[in-house]
Amino acid sequence: MSKISIELLKGRWIFAVGPLRISIISGKIDVFGWEYKKDDELIIQEFRSAPILALENSKITIQFSEKSYISVSDKPLIPDEWKKFAEECLNKKKKPLKIMVIGSVDTGKTGLVTFLANYFLKKKKKIAVIDADTGQQDIAFPTCIGMGFVEKPITHLSEIEMSDAFFIGRTSPAELFDRVLVGLRFLMKKALENHAEIILLDTTGWVFDLGRELKISKILSTEPDMIALLEAENELYHYEATLKEIARGLNVKIRHLPASPVLRARTREERREIRKRLYLKAFVDAKEISLKLHDLSILYGYIGTGKLTKIDELICEEHPEKIIIFSQKDIEADIIKAIEEKFNKKAIVFNPDELKEILVGLIDKNMHFLGLGIVSNYNPETDEIKIYTRAPQDKIVGLIWGLMKITINGEEKAWLKPWQI
Ligand SMILES: Nc1ncnc2c1ncn2[C@@H]1O[C@H](COP(=O)(O)OP(=O)(O)OP(=O)(O)O)[C@@H](O)[C@H]1O
Ligand SMILES: [Mg+2]
């Protein structure tokens, strides 16, 4: 990293792209609604940007790499409407106050949530942030939605420590809307149990087509008091049309806010790289643990919820809908037929090796998220499932089947359909 010193004139806006470490030598600057003064330090991470405003004539030093840059902006990087919105929210006497941010991809939703978090922190509020984006998850891990409390000023949501999470099972919420909605309510409950005064809800950029369905359901199930529609040019008018009459009944105020004038958008590859790093973080110091699959509570999948029976030498799992025959080898058709006739239901042969590398979520008895896991082996003979995880073995009582396979190096490998296993 190289280092430079720069002087900022009062009122100047600087667009800063990480990785950067900024130290304030003199004066005062504002970053996403938080004031930093002499001797304060802040970090802007790789792939991220932040708006800097000199509140006074200031001198700062910046440590940067070849990926970072800064540029002067003539226009304010935090639109005035954002501040007005924050003030309006503060003037609401309602507790808890639920604020949802909706916008298309790369409009600055997470930036607005960051700004609001700092703004309310300044007013000493207890703020919970729920990140409902399963793909670009900032508080928990990809495939999850996460919740955490804002304990200190932040330049990005990923600096918020995860308090709880809900494992959805895949980076895309398509076909899994119910789980996202259940997860949102679950995390809201946890936020309220911990006395959140303000709950900020960050959402995905999927606002058109089927994404409309998820957004509308998110609104109806979380009942926000305020919705910020973050727009480049009124492209979200359809939400207003959807909510125009029922908003009164829901008691929600809808505000149109301008999108971030400039931001550091991420390419698909960068998004994948960010996810990979987060998977790796999820498995730091992970080890292989061994559990009895049928002793666990199993969510969202067949395997582990049926009755284990032995038919001749074959281990089977009986379900109301079907019978699963565990076998690494092919089984002759007449044997399958005999089993189908005996149980009077369809039989399918399933190779337990197919479970290898499936991503799972592990939970304790209060459904508190303990961590991600990767299945390394399942032996139907002993019912022993081996899972690579950092979740504490003695606390695990439940397993949620994921819909992805990933390697322990954080590479996403395969995608499953809901209830495929
Ligand atoms: N007003 C702003 N000035 C400078 N940087 C910003 C601003 N708003 C957001 N950013 C930064 O730009 C990057 C991309 O913006 P952000 O993540 O807020 O967009 P988003 O709409 O949430 O994207 P996604 O659709 O992927 O969720 C982030 O690093 C964010 O901190
Ligand atoms: Mg975002």
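This structure is a prediction, so every number in the text was calculated from the model and none was measured.

Moving on: the packing of helix 1 (residues 80–91) against helix 2 (residues 109–122). In contact at an axis separation of 10 Å, helix 1 and helix 2 are set at 50° when each is read in the N-to-C sense. Between helix 1 and helix 2, the interaxial angle falls into the category oblique. You can see that helix 1 and helix 2 cross each other, and the crossing is right-handed. Across the interface between the two elements, Trp-82, Lys-83, Phe-85, Ala-86, Glu-87, Cys-89 and Leu-90 of helix 1 pack against Gly-111, Leu-112, Phe-115, Leu-116, Tyr-119 and Phe-120 of helix 2. Considered class by class, the residues forming the contact of helix 1 with helix 2 number 10 nonpolar, one polar and two charged.

Before going further, it helps to spend a moment on the site of ligand 1. As a structural note, the neighbourhood of ligand 1 is formed by 23 residues, with Leu-77, Lys-109, Thr-110, Gly-111 and Ser-260 the closest of them. Between an oxygen atom of ligand 1 and a main-chain N or O atom of Asp-106, the distance comes to 3.2 Å. Considered on its own, ligand 1 offers 620 Å² of accessible surface; in the complex 98% of this is hidden by protein. Elements with a minimum of two residues in the shell around ligand 1: strand 7 (49–54) and helix 2. Each residue belonging to the shell around ligand 1 can be placed in one class, and the counts come to eight nonpolar, eight polar and seven charged. Structurally, the shell around ligand 1 is a two-domain feature, drawing no fewer than three residues from each of domain 1 (2–73) and domain 2 (80–278).

Burial analysis of strand 12 (residues 144–149) places six of its six residues in the buried class, which makes it a mostly covered element. Residue alternation in strand 12 divides its side chains into two sets, Cys-144, Gly-146 and Gly-148 and Ile-145, Met-147 and Phe-149, and both sets are buried. Where strand 11 (residues 127–131) meets strand 12, four bridges bridge the pair, whose relative direction is antiparallel. Its bridge partner being in strand 12, Val-129 is matched across the sheet by Gly-148.

Pairing is mixed in the open sheet, where seven strands are placed in the order 13-12-11-14-10-15-16. In the strand order of this sheet, the two ends are held by strand 13 (162–167) and strand 16 (253–258), each with one partner. Taken over all neighbouring pairs, the strand axes of this sheet differ in orientation by 20° on average, direction set aside. With five bridges connecting them, strand 10 (residues 97–103) and strand 15 (residues 226–231) associate as parallel partners.

Moving on to the packing of helix 3 (residues 177–193) against helix 4 (residues 210–222). Helix-helix packing: each pair is described by the crossing angle between the helix axes and the interaxial distance. Two numbers describe how helix 3 lies on helix 4: the axes approach to 10 Å, and their chain directions differ by 30°. The orientation of helix 3 with respect to helix 4, classified from their angle, is roughly parallel. The two elements helix 3 and helix 4 meet at a crossing, and its hand is right-handed. Judged by residue contacts, Phe-177, Val-180, Leu-181, Leu-184, Arg-185 and Met-188 of helix 3 engage Leu-210, Glu-213, Leu-214, Ser-217, Lys-218, Ser-221 and Thr-222 from helix 4. The residue inventory of the contact of helix 3 with helix 4, partitioned by class, reads seven nonpolar, three polar and three charged.

Strands sit in the order 19-20-21-22 across an open sheet of four strands; the sheet is mixed. With one partner strand each, in any of the chains shown, strand 19 (307–311) and strand 22 (346–350) form the two edges of the open sheet. Across this sheet, the average inter-strand angle for adjacent strands is 30°, counted without regard to direction. Judged from the five bridges that link them, strand 19 and strand 20 (residues 314–318) form a sheet pairing that is antiparallel. The residue bridging Lys-310 from the neighbouring strand is Ile-315, located in strand 20. Taken strand by strand, helix 8 (residues 333–343) contacts strand 19, strand 20, strand 21 (322–326) and strand 22, and its axis lies near 135° from that of strand 22.

Ile-102, Leu-293, Ile-303, Leu-355, Ile-385, Leu-399 and Trp-401 are the most contacted members of the largest nonpolar core, which has 61 residues in total. With eight residues, the top contributor of residues to this core is helix 3. There are two domains that each give this core at least three residues, and those are domain 2 (80–278) and domain 3 (283–413). Sequence-distant contacts of Leu-293, that is, excluding residues within four places in its chain, are made with Ile-298, Ile-303, Gly-304, Tyr-378, Asp-383, Ile-385, Leu-399 and Trp-401. By size, the runner-up hydrophobic cluster in this structure holds 54 residues, among which are Ile-29, Tyr-36, Ile-99 and Leu-200.

The domain architecture assigned to the protein consists of domain 1 (2–73), domain 2 (80–278) and domain 3 (283–413). Relative to domain 3, the C-alpha centre of domain 2 lies at a distance of 34 Å. Facing 20 residues of domain 2, the contacting portion of domain 3 comprises 18 residues. Both faces considered, domain 2 and domain 3 share a buried interface measuring about 1600 Å² in area, 64% of it formed by carbon and sulfur atoms. Considering only the surface of domain 2 that becomes buried against domain 3, Phe-167, Arg-179 and Lys-276 emerge as the three largest contributors, covering 38% of it. The interface formed by domain 2 and domain 3 includes two salt bridges. The salt bridge partner of Lys-276 is Glu-411, with a shortest N-O separation of 2.9 Å. Contributing elements (two or more residues each) for the side of domain 2 that touches domain 3: strand 13, helix 3 and helix 7 (268–282). Take the side of domain 2 that touches domain 3: its biggest share by element is six residues, from strand 13.

Calculation notes
- Residues numbered from 1 in each chain as written.
- Chains lettered and ligands numbered in written order.
- Predicted model: local features only at pLDDT ≥ 70, side-chain atom pairs only at ≥ 80, totals over all residues.
- Heavy atoms only, no water.
- Axes fitted to C-alpha atoms, helices over the stretch in contact; angles between N-to-C directions.
- Helix = DSSP H or I, 4+ residues; strand = E, 2+ residues; numbered from the N terminus.
- Parallel < 35°, antiparallel > 145°, perpendicular 65-115°, else oblique.
- Left-handed = near helix turned anticlockwise from the far one by under 90°.
- Contact = heavy atoms within 4.5 Å.
- Nonpolar A, V, L, I, M, F, W, Y, C, P; charged D, E, K, R; others polar.
- Near = heavy atom within 4 Å.
- Polar contact = N/O pair within 3.5 Å; in protein donor to acceptor, adjacent residues only side chain to side chain.
- Areas by Shrake-Rupley, 256 points an atom, 1.4 Å probe, with all protein chains shown as cover.
- Domains from an automatic or database assignment.
- Buried < 20%, exposed > 50% of the residue type's maximum accessible area, 1.4 Å probe, protein only.
- Pairing = 2+ DSSP bridges.
- Core = buried A, V, L, I, M, F, W, Y, C linked by side-chain atoms within 4.5 Å.
- Buried area = accessible area lost by both parts, 1.4 Å probe.
- Salt bridge = Lys/Arg side-chain N within 4 Å of Asp/Glu carboxyl O.

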